[in-house]
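What follows is each chain in one-letter form.
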Amino acid sequence: MSNFNLQVAINSTSIGQTTTNFLYNVFLKKLEPNIFPIGGIDISAFEEILPQEFIGWLQTCTQKAMKDYKRSYPSLKIWHINGSHETVSDNAFLYFFHELDQITSTEKNILSSYEGIASPCKFTSNVCEEYGITNCDTINLQYDSTAFKPTSVKKYENNEIVIAVVGKFEKRKHSGNIIQLLKNKFGNNSKFKIHLHTFNPFFDNDPNKAMEINKQHIIQYCGGDVPHNFIMMPHVRKLVDLNKMYNMVDIVVDGSGGESWSLPSFHIAGLGKQCVVNYNSGIKEWSTSENSLQVQPNGKISSVDGLFFRENNPFNCGNIYDLDTEEMSKSIDLAVENVKNCKVNEEGKRLPEKFTEEKFCDELLSFIKL
């Protein structure tokens, strides 16, 4: 079947990884859609994971797209609201990501132009409904079991407890607050290693400059003195390398105040690691009291940070959930005790079978009425 169109990012970003995994499952179904890449193609993140046959299929589907597509075909775009006004179909559907508690008039106008819209979480669907958009479905994301799986890795020589802070460095994710909290609790404690998976590529187009800005933020929130057991994790290109890093982790800490899903903590929990989350928005779709230590948010605060979220913008305006650092500290202590007692997150290990790639693919195809 080739009578449908896909407008998707195929790159190493979170959205790009999600859609590439989705495309692989479309490939497994032996379908041949017309694929219109958003911003080019880069599947280097999936090196050593996806077969050469998939790469050939991807080339075929993108090369034929302009020749074979029709505007009458159903079309699925996977993207943010900003930029999703451009479609290749008069029968267009949108699967989008949105983290805040408001919808602007511009966003509403774009969303209302689609035949159907869906997001990963009920939180976004409820926000849409509050703003008069009543046709937003919820389709949960998939666990990428092709990339993330248990594997043997070399631990630290003294078997230190590894705590990972995940999420791009920004106000929305309370990155600075989490780093300050962990410095106060474990800074220079030789029994712990703090892995900072906080690289934000959007600080600068030059990855080296973006990394330097990230380092400066970490130094700032450490009061100019970064503890010797705090490790700024490199931005790795390949998911197989990221999987190795994730397998080194004992505890993942996710303090984000607004997510459509939160893939890093989701995938690390799926490896059976202890998981501590700021329990809000899209995290509620997969986090349970059995697979996570859930910290209830301490109210809401403005998302405005002067960089990624600005006042009076046509896109991305609203609030995020605040972080209760005292309760987060207590939950981290419980996670540490679980690690010391050799407790495996068995419920977390069930996430891959609950949120399968095949289910996600089937639901998206059904969403566009195929």
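This text goes with the structure placed above it.
Since the structure is predicted, the reported quantities are computational estimates derived from the model, not experimental observations. Every residue gets a number counted from 1 within its own chain, in the order that chain's sequence is written. Under the rules for a predicted model, residues below a pLDDT of 70 receive no local features and side-chain atom pairs below 80 are neither given nor counted, while totals for whole chains, interfaces and linings still include all residues. Think of the side-chain values as coming from all heavy atoms in the structure, minus any hydrogens and water.

(A) Looking closely at the pattern of salt bridges. The rule for a salt bridge is simple: a side-chain nitrogen of Lys or Arg has to be within 4 Å of a carboxyl oxygen of Asp or Glu. Considering all chains together, one arrives at 17 salt bridges under this definition. Residue Asp250 pairs with Lys155 through a salt bridge whose shortest N-O separation is 3.4 Å. Residue Asp250 is located in the loop between α8 (239–248) and β10 (251–254), and its partner Lys155 is located in the loop between β6 (136–138) and β7 (161–166); the two are separated by 95 residues in the primary sequence. Partly exposed describes any residue whose relative accessible area lies between the buried limit of under 20% and the exposed limit of over 50%, with all areas from a 1.4 Å probe on protein chains only and scaled to the type maximum. Exposure remark for Asp250: the relative accessible area of 17% places this residue in the buried category. Residue Lys155 is classed as partly exposed on the basis of its relative accessible area of 28%. Notably, a salt bridge pairs Arg350 with Glu347, separated by 2.6 Å at the nearest N-O pair. You can call Arg350 partly exposed: its relative accessible area is 40%. Because the salt bridges share partners, they merge into one network encompassing Glu47, Glu48, Arg237 and Lys238. Helix and strand assignments follow DSSP, with helices taken as H or I runs no shorter than four residues and strands as E runs no shorter than two, numbered in order from the N terminus.

(B) How the structure looks around the pairing of β10. What you see with β10 is no split at all: Ile251 and Val253 on one side and Val252 and Asp254 on the other are buried throughout. In this analysis, strands are considered paired if DSSP registers two or more bridges between them. As defined by bridge partners, β7 adjoins β10 across 3 bridges and the pair is classed as parallel. Residue pairing in the sheet places Ala164 in a bridge with Val252 of β10. Once the chain exits β10 it traverses helix α9 (residues 263–270) before rejoining the sheet at strand β11 (residues 274–278), and the crossover so formed is right-handed. The crossover handedness rule: strands pointing away from the viewer, path from first strand over the helix to second strand clockwise, crossover right-handed.

(C) Geometry of the packing of aromatic side chains. Between the rings of Phe, Tyr and Trp (Trp by its six-membered ring), a pair exists once the centres lie within 6.5 Å; its type follows the angle of the planes, with under 30 degrees stacked, over 60 edge-to-face, and the other angles tilted. For the coordinates displayed, the defined rule picks out 20 aromatic pairs. Both rings, one in Phe22 and one in Phe360, keep their centres 6.2 Å apart while their planes meet at 75°; by these two values the pair is edge-to-face. Of the two residues, Phe22 sits in helix α1 (residues 14–28) while Phe360 sits in helix α12 (residues 357–367), which places them 338 residues apart along the sequence. Look at Phe22 and you get buried, because its relative accessible area is 1%. Three or more aromatic residues joined by ring pairs make a cluster, and in this case those are Tyr143, Trp261, Phe266, Trp286 and Phe355. One cation-aromatic arrangement involves Lys193 over Tyr156; the distance from NZ or CZ to the ring centre is 5.1 Å. Note on geometry: a ring has a charge over it if NZ (lysine) or CZ (arginine) is within 6 Å of the ring centre and within 35 degrees of the ring normal.

(D) Molecular detail of the side chain of Thr18. Here Thr18 shows up in helix α1. The exposure class of Thr18 is buried, given its relative accessible area of 7%.

(E) Summary view of the packing of helix α6 (residues 175–186) against helix α10 (residues 325–340). At a minimum axis distance of 11 Å, the contact between α6 and α10 shows a crossing angle of 55°. The pairing of α6 with α10 is recorded here as oblique in orientation. Of the two elements, α6 crosses α10, and the hand of that crossing is right-handed. Taken together, the residues of α10 that come into contact with α6 (itself represented by Ile178, Leu181, Leu182, Lys185 and Phe186) are Thr325, Met328, Ser329, Ile332, Asp333 and Val336. Asp, Glu, Lys and Arg are counted as charged, while Ala, Val, Leu, Ile, Met, Phe, Trp, Tyr, Cys and Pro are counted as nonpolar; the rest, among them Gly, fall into the polar class. Looking at the contact of α6 with α10, its residues break down into 7 nonpolar, 2 polar and 2 charged. Only the contacting stretch of a helix is used when fitting its axis, a line to C-alpha atoms as for every element, and angles between N-to-C directions run 0 to 180 degrees. Angles are sorted into four bins: roughly parallel if under 35 degrees, roughly antiparallel if over 145, roughly perpendicular if 65 to 115, and oblique for all others. Put simply, a crossing is left-handed when the front helix is turned counterclockwise from the back one by less than a right angle, and right-handed when it is turned clockwise. Between two residues, a contact is recorded if the distance between any of their heavy atoms is within 4.5 Å.

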